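What follows is the residue order along each chain.
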Amino acid sequence: MKKALLMAAALLLAPMAVVAADYQEGVHYTVINDGPATAKPEITEFFSFYCPHCYNFAKTVVPKIIADKPDGVAFNQAHVDFIGKDMGVEMSRAFAVAHQLNVDDKIDNALFSAIHDKKQNFTNRDDIRALFIANGVDGKTFDAAAESFMVKAQMAKMKRDTENAKLTGVPALVVNGKYRVETGSIKSYDELLDIAFFLAKK
C-alpha cells in the first residue's frame, strides 16, 4: 500500500518535473552575470511608478509571489530610474524613503494611484513630499530621509542592479541576482512565477 502511494505521488509530480526541465536558458531566462548567485535565494521585481503595467502587476501578481514563493526565498523590489526623465530619479528616491521609513505599502499604493488613477503630474520633489505628508509622514522626517546616507545607498544599489540586469522594460523579475526571466516566451503570469520559482532553486 505504501509503495503504491509513493508511486502515485511520483506520477503526480512527474508532469511538474517535465515542465521545469523544459525551461531553457536563452528562451525562458537569461544568465545576466557569470559570477556566483546571491548567498540566499531571492526574487527581485524591477518596476517604475510611471509604468501602468507595473501598477497592474503590483495589484495582481506581487501578492501571488509573496504568498506562493518557496520557503526560504526572499522577495525584493527595486525602482528603476530610466522612466520619467528627472522624475524617475525622484521616484526612486521616494521608494527608498518609503522603505527606510517603513511606510512602503501605503506610499507605494498612493504614488501608483496618484499617477494612474488621479492623473496627478509630479514635477519636483516637493510634489512627492506633499504626498508623503498627506499620508501621515512628517515633512521634516521626509526631508531628513531623502538626503540620508541609507536612501542614497539604496538608490545607488537599485541603479547598479538595474544596469547589471540589462533591463529595457519593466516589470521584470531577476532571480538570485543571476537570472532574468524572459517575458517574451511566457503565456501567463502563472508561468512567469513558475519560472521564477524554478530558478530560485537553482
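Here, the structure is the one placed above.
Predicted model only: the values in this text are computed from it and were never measured.

Calculation notes
- Residues numbered from 1 in each chain as written.
- Predicted model: local features only at pLDDT ≥ 70, side-chain atom pairs only at ≥ 80, totals over all residues.
- Heavy atoms only, no water.
- Helix = DSSP H or I, 4+ residues; strand = E, 2+ residues; numbered from the N terminus.
- Buried < 20%, exposed > 50% of the residue type's maximum accessible area, 1.4 Å probe, protein only.
- Contact = heavy atoms within 4.5 Å.
- Expected span 1.5 Å × (residues − 1).
- Phe/Tyr/Trp six-rings, centres within 6.5 Å; stacked < 30°, edge-to-face > 60°.
- Polar contact = N/O pair within 3.5 Å; in protein donor to acceptor, adjacent residues only side chain to side chain.
- 1 Å grid on protein atoms, 1.4 Å probe; cavity = no way out; pocket = protein on both sides within 12 Å on 5 of 7 lines; lining within 4 Å.
- Points joined across faces, edges and corners; volume = space filled by probe spheres on them.
- Nonpolar A, V, L, I, M, F, W, Y, C, P; charged D, E, K, R; others polar.

**Q** Got a minute to help me understand the side chain of Ser113 in this structure?
**A** Here Ser113 shows up in helix H5 (residues 104-116). Ser113 sits in the buried class, given a relative accessible area of 17%.

**Q** I'm lost on the environment of Ala172 in this one. Help?
**A** You can see Ala172 is positioned in strand S4 (residues 172-175). C-alpha of Ala172 to C-alpha of Glu182: the two residues are 10 residues apart in sequence and 8.2 Å apart in space. Setting aside chain neighbours within four positions, we find Ala172 in contact with Thr44, Glu45, Phe46 and Leu167.

**Q** Whenever I open this one, helix H9 (residues 189-200) confuses me. Can you help?
**A** Given 3.6 residues per turn, any residue in an α-helix points the same way as the ones three and four places further on. For H9, spanning 12 residues, the distance from its first C-alpha to its last is 16 Å, which sits close to the expected 16 Å at 1.5 Å a residue. Within H9 the residues assigned to the buried category are Glu191, Leu192, Leu193, Ile195, Ala196, Phe197, Leu199 and Ala200. On its buried face, H9 is in contact with strand S1 (29-31), strand S2 (42-47), helix H2 (52-60), helix H3 (62-68), S4 and strand S5 (179-181).

**Q** Hey, could you run me through the packing of aromatic side chains in this one?
**A** Working definition: an aromatic ring pair is given by the centre-to-centre distance plus the angle between the planes. Going through the model one piece at a time under the given rule, you end up with nine aromatic pairs. Seen from their ring centres, Phe49 and Phe112 are 5.0 Å apart, and the 70° between their planes marks the pair as edge-to-face. With a gap of 63 residues between them, Phe49 in the loop between S2 and H2 and Phe112 in helix H5 connect regions that are remote in the sequence. Its relative accessible area of 0% is what places Phe49 among the buried residues. Here Phe112 falls in the buried class, since its relative accessible area comes to 3%.

**Q** Would you explain the side chain of Glu182 in this entry?
**A** Looking at the element boundaries, Glu182 is found in the loop between S5 and H9. A distance of 2.8 Å separates polar atoms of two side chains, one belonging to Glu182 and the other to Arg180. When neighbours within four sequence positions are excluded, Glu182 is seen to be in contact with Val27, His28, Tyr29 and Thr30.

**Q** Got a minute to help me understand the layout of surface pockets in this structure?
**A** Unoccupied space between atoms shows up once a probe the size of one water molecule is rolled over them. Each pocket or cavity is described by its volume, and for the largest pocket that value is around 760 Å³. Taken together, 33 residues form the lining of the largest pocket, with Glu45, Asn76, Gln77, Ala78 and Phe95 sitting closest to its centre. Among the residues forming the lining of the largest pocket, the class breakdown is 14 nonpolar, 10 polar and nine charged.

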